[in-house]
Amino acid sequence: MGKNFSVEAVSEALVEVLREVQEMSGKEMPAVSAELCPIGDLDSFDSLSGVEATVMLEVQLGIPLVVETVFVSKEGDRALSISEIATMIASPEMKQGAE
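First, a word on what this report is: a plain description of the structure on this page. Note that this is a predicted model, so its numbers are computed, not measured.

### Considerations on the packing of helix 1 (residues 7-24) against helix 3 (residues 47-61)
Across the interface, helix 1 lies against helix 3 with an axial gap of 9 Å and an inter-helix angle of 130°. Classed by the angle they form, the pair helix 1 and helix 3 counts as oblique. As for the relative orientation of helix 1 and helix 3, their crossing is right-handed in sense. Residues Ala 13, Leu 14, Glu 16, Val 17, Glu 20, Val 21 and Met 24 of helix 1 form the contact with helix 3, whose participating residues are Glu 52, Ala 53, Met 56, Leu 57, Gln 60 and Leu 61. Of the residues belonging to the contact of helix 1 with helix 3, the class tally is nine nonpolar, one polar and three charged.

What follows is the structure, given as structure tokens:
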């Protein structure tokens with residue numbers, strides 16, 4: 001993949017994308033913490049918003065992500081927090097899958 005991102009850099013990009021998605025939908029962006037789960041904690045942010053935001057995050061970071069959405073667990077049964085999402089994207093496993 002060629003690009004390495006720290007968890008902090010991914011978190012910053014993720015928050016920027018979430019702010020943009022919320023702004024485009026006319027929704028408020030609450031105070032953000034690492035524990036915030038976009039699906040469930042953001043007004044009207046659902047799985048479709050997650051797919052859209054994942055594409056926007058790919059553009060923001062300039063990398064392909066190997067999942068349809070980064071906002072739910074691999075099993076698809078749990079919404080992920082900003083911290084969990086950033087850790088997943090910065091992980092070596094995500095980079096290996098994109099090569």
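Read on for the rest.
### As for the environment of Met 56
Relative to the helices and strands, Met 56 is located in helix 3. With 47 residues separating them in the primary sequence, Met 56 and Ala 9 have C-alpha atoms 15 Å apart.

### What about the packing of helix 1 against helix 4 (residues 82-90)?
Orientation of helix 1 relative to helix 4, taken along the N-to-C sense of each, is 125°, at an axis distance of 8 Å. Judged by the angle between their axes, helix 1 and helix 4 are oblique. Here the hand of the crossing between helix 1 and helix 4 comes out right-handed. Mapping the contact onto sequence places Val 7, Val 10, Ser 11, Leu 14, Val 15 and Leu 18 in helix 1 and Ile 82, Ile 85, Ala 86, Thr 87, Ile 89 and Ala 90 in helix 4. Considering only residue class, the contact of helix 1 with helix 4 consists of ten nonpolar, two polar and no charged.

Procedures and definitions
- Residues numbered from 1 in each chain as written.
- Predicted model: local features only at pLDDT ≥ 70, side-chain atom pairs only at ≥ 80, totals over all residues.
- Heavy atoms only, no water.
- Axes fitted to C-alpha atoms, helices over the stretch in contact; angles between N-to-C directions.
- Helix = DSSP H or I, 4+ residues; strand = E, 2+ residues; numbered from the N terminus.
- Parallel < 35°, antiparallel > 145°, perpendicular 65-115°, else oblique.
- Left-handed = near helix turned anticlockwise from the far one by under 90°.
- Contact = heavy atoms within 4.5 Å.
- Nonpolar A, V, L, I, M, F, W, Y, C, P; charged D, E, K, R; others polar.

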